[in-house]
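Next come the chains, spelled out residue by residue.
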Amino acid sequence: MYAVLTGPVFYLSLAVCFIGMAVRFYLYFRGLSWQLDRVAYKAHPKAGFNGAVRSIYKWLIPFGTYGWRTQPIMTIAFFCFHIGAVAVPLFLAGHNVVLQQKLGFSFPTMGAAMADFLSWMAIAGLLFLVLRRLVLPEVRILTDKKDWGILLLTFLPFATGLAARYQAGDYGFWLTTHILTGELLLFAIPFTKLSHIFLFFASRAQLGMDFGIKRGGMKGTKMAW
Amino acid sequence: MPEGTLCNKQPIDTAEGITTLLADKSGKKYYEEMKHLEVDSDLLWKTIQNTCKSRIRTWLEICAHCGMCADSCFLYQVDGRKPTQVPAYKIQSTLGEIIKRKGKVDADFMIHCMEVAWSQCTCCNRCGMYCPHGIDTGIMFGYLRGLLYQQGFVPWELKIGAGMHRVYRAQMDVTDADFVDTFEWMVEEYEEDFPGITVEVDKENADIMYTVNAREVKHYPEDLAEAAILFHIAGENWTVPSKGWEQTSLSMFAGDWAACKMQVESVYGAMERLRPKRMVGTECGHAHRATVIEGPYWAGRKDGLPPVESIHYVEWLAEALRLGKLKIDPEKRIKQKVTLQDSCNYVRNQGLKNAAREIMSYIVAPGYFVEMAPNKEHNYCCGGGGGFNGIGLYRAQRNQALQKKRDQILDTGAKLVVAPCHNCWDAIRDLEEEYEIGIEWSFLKPLVIKMLDIPEHLKPKEDDL
Ligand code: HEM
Ligand code: HEM
Ligand code: SF4
Ligand code: SF4
Ligand code: SF4
């Protein structure tokens, strides 16, 4: 089992995720239509580019936009979860050992204390997002079974990773389930709303181009996100 | 009965068609027939496949169902925070559902979609600014309206309105001759007060070609005279076209994209014929949106721009005051608390937040201008946008929608609201009628005329009087 998961399935999950998302990224931009979207993307590349960059980076800053500022608790939960969700998989020492072995390259790594901190922070953030989904009527009405599935799928690699990390019980078992659930997550990315991990940038860029070109950018007003 | 005699999929292309539909008071029979109108699912699905591309599909797919857009929608706020008013829910349960079912929906469902698209969204685009993924639900509702229009599920008034544009190239039955006659006649009325004032029709190569809202011709001809007076005093070289003078587009509210194209091409035709340096439009929000912001795309202009530089009235007025073409008598400036309604259509949707504020700085005595909260591109819709003002069927919902603007105005403490947008102006008038909060409201033109410092040579001569 372990051999299969760290062998062919490992490569396959990465390939499905990254090739899948490359295709989706390509299809996204190919599917943009200046006339249907009513944004002259090609005619004004510079205004479009500026708008796109602003639209992305403003939203990546905690409390950087009106939207984040009007919902501070949500904002804190969002960033607690997402900082961990992005940084831990990429920069965890353990992950990079695997990467180096399997693919022959690795990223800079963070210390164990940092990794623990970010992982717990991510779990706390995620639990808060779950709580919010259970409690707030305006979020409940939007929630379907798939949302719960995605949350579970996201939660499992963190939970099992930490269980392995603290050697809670059978280390081998937790490590195997961790790798399995981590790979499941990678498989799911191109086919579910988890595709937002990449398409967030596409979607924000598009609206940014809209504002940068048509809705004020070319009149010299920068959108106050 | 697949198609009704009044309610059907055919656009209205004749004056008789308009008269027949208008004769059905409040659309009683029209809405009755709608219940049995057959949905052409094949056409619906084919249209979606051809026009619903990656932008909207991705929006529908990656929506995190997080509800961060809820509070940004004023209709959610005024409707007791009903979860069914959450922007993401509104669009997922209508457009999202139609796509999920590949167009296989029935008349009841389409009528439900119509209600949501026209009475639970004014396409104000505010929620798009509050969604972390940049999902603009207002844009998707505009798209949904197009699908509904194509299938004949559109409010009675807007079916008629779109027909007006098809037949008259105007939102009302105002002909080109009516327009020219009314403008000339109104200007004549002021010849004594403003010697030398004229309106030249179809002058080529003028600095400004002025375009209007047909309502001004039919119901507020004073507005035409006021525009002429201000151009005259500012010493502008201006003209109006005898054809292509109407800037508004009820067809945009209706989702009748073919009519949108016809309408805007008539204005671009005038630009090409008369070759003015610039086009200036009247104090209307959706008119500017239709002709200047969205219009180029309907007309297939790849640069997304009209044939000549086109500006909103607030831009022209701000410039005229800045350059001293128009001078304000400081004594006559507004000396009461006054606030400003930012029209979504040119503020959120074209960034013109500074022009009207610059004007306020000239016409209001220091200390009397109070901003609404929130304001500029974050302002709330007046409550009557996207055609809402004009739809009898949804009057109760519209009146409820006015509460947000009412409360925003009350919070400023101002008794005068400047509304440089026809739709907003109407909505504010209606909110005063409905809630009687004791306010007045005004366009900019009449306010500015009252406080102008007119140069001697433009004043009537003593002995002429
Ligand atoms: C491609 C599949 C993956 C493999 C092969 C893998 C492998 C590992 C390994 C070897 C460890 C170290 C366990 C130890 O301390 O002994 C680990 C820990 C961890 N992994 Fe993964 N992982 C994968 C995917 C993921 C994903 C997708 C996530 C999260 C989204 C994730 C989150 C974590 C966390 C939170 C820890 C514990 C961090 C800590 O030390 O506090 N892993 N993983
Ligand atoms: C740079 C990368 C990413 C960006 C910009 C991003 C952005 C977002 C945004 C804007 C939302 C919607 C707001 C919310 O519901 O909290 C969201 C939700 C979510 N993201 Fe990400 N994300 C990224 C990476 C990830 C990763 C790596 C994961 C998983 C390992 C992930 C899992 C989730 C989940 C599960 C939700 C939904 C939470 C809920 O159900 O309330 N995201 N993301
Ligand atoms: S804020 Fe955006 S992502 Fe969240 S529910 Fe609303 S539309 Fe969906
Ligand atoms: S566009 Fe405006 S009215 Fe429509 S859902 Fe969004 S915020 Fe509400
Ligand atoms: S009527 Fe005025 S405030 Fe309302 S959507 Fe239109 S421009 Fe905006």
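As the structure is a computational prediction, the values presented were derived from the model and not from experiment. (Residues numbered from 1 in each chain as written. Chains lettered and ligands numbered in written order. Predicted model: local features only at pLDDT ≥ 70, side-chain atom pairs only at ≥ 80, totals over all residues. Heavy atoms only, no water.)

**Q** Explain the overall build of chain A here, please?
**A** When its secondary structure is counted, chain A shows twelve helices and zero strands. Considering only C-alpha atoms, chain A reaches an extent of 65 × 40 × 35 Å along its principal axes. Of all 225 residues assigned to chain A, the portion counted as buried reaches 47%. Residue pairs in contact within chain A that sit at least 24 positions apart in sequence constitute 66% of those at least 6 positions apart. Accessible surface for chain A amounts to roughly 11300 Å². Of this, 74% is attributable to carbon and sulfur atoms. (Helix = DSSP H or I, 4+ residues; strand = E, 2+ residues; numbered from the N terminus. Buried < 20%, exposed > 50% of the residue type's maximum accessible area, 1.4 Å probe, protein only. Contact = heavy atoms within 4.5 Å. Areas by Shrake-Rupley, 256 points an atom, 1.4 Å probe, with all protein chains shown as cover.)

**Q** Got a minute to help me understand the coordination of the iron atom of ligand 2 in this structure?
**A** The expected angle between donors at a tetrahedral four-coordinate metal is 109.5 degrees. At an octahedral six-coordinate metal it is 90 or 180 degrees. All names here are of chain A. Taken together, the protein donors to the iron atom of ligand 2 comprise H82 (NE2) and H196 (NE2), at separations of 1.9 to 2.0 Å. Around the iron atom of ligand 2 sit six donor atoms; with metal-centred angles ranging over 84 to 179°, the donor geometry is octahedral. A residue pair is termed long-range when its members are at least 10 positions apart, and H82 in helix 6 (residues 72-91) and H196 in helix 12 (residues 196-214) qualify at 114 residues. According to the relative accessible area criterion, H82 is partly exposed, its value standing at 21%. (Donors = N, O, S within 2.8 Å, 3.2 Å for Na, K, Ca; no water. Tetrahedral: all angles 85-135°; square planar, octahedral: opposite > 155°, others 65-115°.)

**Q** Is there a simple way to explain the site of ligand 4 in this structure?
**A** Residues and elements named next belong to chain B. Every residue near ligand 4 is listed here: C73, F74, L75, P87, K90, C121, T122, C123, C124, N125, C127 and G138. Given that more than half its atoms are within 2 Å of the pocket grid, ligand 4 belongs to the second largest cavity. At the level of elements, helix 5 (74-78) and helix 6 (87-100) are the ones that each hand at least two residues to the shell around ligand 4. Within the shell around ligand 4, the residues separate by chemical class into eight nonpolar, three polar and one charged. (Near = heavy atom within 4 Å. 1 Å grid on protein atoms, 1.4 Å probe; cavity = no way out; pocket = protein on both sides within 12 Å on 5 of 7 lines; lining within 4 Å. Sits in = over half its atoms within 2 Å of the grid points. Nonpolar A, V, L, I, M, F, W, Y, C, P; charged D, E, K, R; others polar.)

**Q** Sorry if this is basic, but what is going on with the coordination of the iron atom of ligand 1 here?
**A** Residues and elements named next belong to chain A. Protein coordination of the iron atom of ligand 1 is provided by H95 (NE2) and H178 (NE2), with donor distances spanning 1.9 Å. Coordination at the iron atom of ligand 1 comes from six donor atoms whose angles at the metal span 85 to 179°, giving a geometry best classed as octahedral. Placement of H95 in helix 7 (residues 93-103) and of H178 in helix 11 (residues 171-188) is noted, with a sequence separation of 83 residues between them.

**Q** I tried to follow the interface of chain A and chain B on my own but got confused; where do I start?
**A** Between chain A and chain B, the residue contacts involve 52 residues of the former and 56 residues of the latter. Taken over both partners, the interface formed by chain A and chain B buries close to 4400 Å², and the fraction arising from carbon and sulfur atoms is 59%. Across the contact surface, chain A and chain B share 28 residue pairs in polar contact (both at pLDDT 80 or more). Listed by contribution, the elements that provide at least two residues to the side of chain A that touches chain B are helix 2 (8-30), helix 3 (34-37), helix 5 (66-70), helix 8 (112-135), helix 9 (137-140) and helix 12 of chain A. (Buried area = accessible area lost by both parts, 1.4 Å probe. Polar contact = N/O pair within 3.5 Å; in protein donor to acceptor, adjacent residues only side chain to side chain.)

**Q** Is there a simple way to explain the packing of helix 4 (residues 54-62) of chain B against helix 6 of chain B in this structure?
**A** Any two packed helices are characterised by the angle at which their axes cross and by the distance between the axes. Residues and elements named next belong to chain B. Helix 6 packs onto helix 4 with a crossing angle of 120° between their chain directions and a minimal axis gap of 11 Å. As judged from the angle between their axes, helix 4 and helix 6 are oblique. Considering the relative orientation of helix 4 and helix 6, their crossing is left-handed. Touching I56, R57 and L60 of helix 4 are I91, Q92, L95, G96 and I99, all from helix 6. Across the contact of helix 4 with helix 6, the residue classes tally to five nonpolar, two polar and one charged. (Axes fitted to C-alpha atoms, helices over the stretch in contact; angles between N-to-C directions. Parallel < 35°, antiparallel > 145°, perpendicular 65-115°, else oblique. Left-handed = near helix turned anticlockwise from the far one by under 90°.)

**Q** Sorry if this is basic, but what is going on with the packing of helix 16 (residues 313-322) of chain B against helix 17 (residues 353-363) of chain B here?
**A** Residue and element names in this part refer to chain B. Between helix 16 and helix 17, the least distance of the axes is 8 Å, while the angle of their chain directions is 40°. Judged by the inter-axis angle, helix 16 sits oblique to helix 17. The hand of the helix 16/helix 17 crossing is left-handed. Residues V314, E315, L317, A318, L321 and R322 of helix 16 form the contact with helix 17, whose own contacting residues are A355, A356, E358, I359 and Y362. Grouping the amino acids of the contact of helix 16 with helix 17 by side-chain chemistry returns eight nonpolar, no polar and three charged.

**Q** Please clarify how the packing of aromatic side chains should be interpreted in this entry.
**A** Centre-to-centre distance and the angle between the planes together describe a pair of aromatic rings. Taken as a whole and assessed by the stated rule, the structure comprises 32 aromatic pairs over all chains. Aromatic pair A:F78 and A:F79: ring centres 4.9 Å apart, planes at 85°, arrangement edge-to-face. By the burial criterion, A:F78 is buried, and A:F79 matches it. Each member of the aromatic cluster is reached from another via a ring pair, and the members are B:F179, B:F183, B:Y210, B:F231, B:W238, B:W245, B:Y313 and B:W316. Looking at A:R69, its charged tip hangs above the ring of A:Y66, at a distance of 5.0 Å from the centre. A cation sits over an aromatic face here: B:R406 above B:Y435, 4.6 Å from the ring centre. (Phe/Tyr/Trp six-rings, centres within 6.5 Å; stacked < 30°, edge-to-face > 60°. Lys NZ or Arg CZ within 6 Å of the ring centre and 35° of its normal.)

**Q** Just to check I follow, could you spell out the site of ligand 1 for this structure?
**A** Residues and elements named next belong to chain A. Every one of the 21 residues lining ligand 1 counts as a neighbour, but H95, D116, R165, Y171 and H178 are closest to it. In the environment of ligand 1, a nitrogen atom lies 2.7 Å from a nitrogen or oxygen atom belonging to the side chain of H95. The set of elements that each furnish at least two residues to the shell around ligand 1 consists of helix 6, helix 8, helix 10 (145-165) and helix 11. A total of eight residues in the shell around ligand 1 trace back to one element, the largest contributor, which is helix 11. Partitioning the shell around ligand 1 into residue classes produces 13 nonpolar, five polar and three charged.

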